[in-house]
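Read off the chains here:
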Amino acid sequence: MNVFKTVELLQKNLMLIDKNRSIGFVPTMGALHKGHLSIVKKAKKENDLVVVSIFVNPTQFDKADDLKSYPVTIDNDLKLLKETHCDIVFIPAVEDVYPGNVQSSNFDFDGLDKVMEGAFRDGHFDGVGTVVKRLFEIVKPTRAYFGEKDFQQLQIINKMVEKGKIPVQIVPCEIYRENDGLAMSSRNTRLSEAQRKEAPLIHQTLLNVKKIFSEKDIKYIQKMVEDIFKSNTILELEYFEIADTNTLLSTNNKLPNTSYRAFIAVFAGKVRLIDNLALN
Ligand code: PAF
């Protein structure tokens, strides 16, 4: 496994690779867990070689505190990546990803960025779009892999690729869960014992929503979810929405031939957890 810390060194190495060989790319912010590793393994199966980037992207954090407390575990990440037989790890510095100034570009994601995470995290998706576009330009992957835990992010990347005619295939990867259903996330390590114990309620609630989705109207379901979290002293609901899978617009009326997904964001103290589930 080769580790490169500059764009120049990475690109020099990539230039030596036969053009016919496929490159699978897994962009990450590090603090890797089994969810990331399952994505790397999938990429490894589907490509001739795999590049993983580790870069905590400053422009996608709307709160300085959140950026500061984002876990950084490079040594452990490298050890885990070696075990998955990852070929190349790219760990650039901020100045290399953002030459000049650390600022995001403005994208038109056709409104996909205005709802849910976008509504609660100002500028988040412009930051994600900026860094992912830049990483695509540097790595020039055949396929790029994104987890469905950040489903809105996945749809936004699809939109960016489609609109910008970027020559890469976006591969969605199923949410990887702990045995008790909690979606794996680098943020889970920041949960206290009591918060960790309570956190599976998030996925449990989504499963209950799925169970009643065909019989109950959306207003009923919305209130049920709000009540569940109102009576919980550890988890605080930020939003719960049932939205069209493609437009991500939330709805109060179910339409025929439309695919819906439930989306949720919850605070456990200062730790923000998100999850989502396909409903039909
Ligand atoms: O999902 C993430 O970890 C990040 O948003 C990404 C795609 C690596 C961009 O910084």
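All figures in this text were calculated on a predicted structure; none of them were measured in a lab.

Conventions used here
- Residues numbered from 1 in each chain as written.
- Predicted model: local features only at pLDDT ≥ 70, side-chain atom pairs only at ≥ 80, totals over all residues.
- Heavy atoms only, no water.
- Helix = DSSP H or I, 4+ residues; strand = E, 2+ residues; numbered from the N terminus.
- Rg over C-alpha atoms; globule rule 2.2 N^0.38 Å.
- Buried < 20%, exposed > 50% of the residue type's maximum accessible area, 1.4 Å probe, protein only.
- Contact = heavy atoms within 4.5 Å.
- Pairing = 2+ DSSP bridges.
- Axes fitted to C-alpha atoms, helices over the stretch in contact; angles between N-to-C directions.
- Core = buried A, V, L, I, M, F, W, Y, C linked by side-chain atoms within 4.5 Å.
- Right-handed = clockwise from strand over helix to strand, strands pointing away.

Participant: Give me the overall build of the chain: which residues, what numbers.
Facilitator: For the chain, the helix and strand inventory stands at eleven helices and nine strands. For 280 residues, the compact-globule estimate of 2.2 N^0.38 gives 19 Å, and the C-alpha radius of gyration of the chain, at 19 Å, lies within 12% of that figure. Here the C-alpha coordinates of the chain stretch approximately 60 × 40 × 35 Å along the principal axes. The proportion of buried residues among the 280 residues of the chain is 52%. Considering only contacts in the chain between residues 6 or more positions apart, those separated by 24 or more positions represent 73%.

Participant: Could you give me a rundown of the sheet that holds strand 1 (residues 2–4), with the residues and numbers involved?
Facilitator: Reading across from one edge, 1-4-3-2-5-6 is the order of the six strands in this open sheet, with parallel pairing throughout. With partners counted over all chains shown, the strands left at the sheet margins are strand 1 and strand 6 (169–173), one partner each. Recorded for the sheet is a direction-independent mean angle of 25 degrees between the axes of neighbouring strands. Sheet analysis places strand 3 (residues 49–54) next to strand 4 (residues 88–90), joined by three bridges and oriented parallel.

Participant: Lay out the nonpolar core in plain terms, naming residues and giving numbers.
Facilitator: If you look at the biggest cluster of nonpolar residues, it comprises 43 residues, and the most contacted ones within it are F136 and I170. Per element, the largest residue contribution to this core is eight residues, and it comes from helix 7 (residues 124–139). For F136, the residues in contact, after removing those within four places along its chain, are F25, P141, A144, F146, I157, M160, V161, I166, V168 and I170. Ranked by size, the runner-up nonpolar core spans 24 residues in total, among them L235, I242, Y260 and L273.

Participant: Outline unusual backbone geometry, supporting the account with residue identities and numerical values.
Facilitator: One non-glycine residue with positive phi stands out, namely K140, at about 50 degrees. Among the structural elements, K140 can be located in the loop between helix 7 and strand 5 (143–147). In the Ramachandran plot, N257 falls in the positive-phi region, its phi being about 55 degrees despite a non-glycine side chain. Within the secondary structure, N257 sits in the loop between strand 7 (235–244) and strand 8 (260–268).

Participant: Which residues make up the pairing of strand 2 (residues 23–28), and what values do they have?
Facilitator: Summarising burial for strand 2: six of the six residues are buried, a large majority. With burial as the criterion, each face of strand 2 is covered, one bearing I23, F25 and P27 and the other bearing G24, V26 and T28. Direction of pairing for strand 2 relative to strand 3: parallel, over a ladder of six bridges. Each bridged residue has a counterpart across the sheet, and for I23 the counterpart in strand 3 is L49. In terms of handedness, the path from strand 2 via helix 2 (residues 34–46) over to strand 3 forms a crossover that is right-handed. Sheet topology note: the strand 2/strand 5 ladder contains two bridges and is parallel. Across the sheet, F25 pairs through a bridge with A144, a residue of strand 5.

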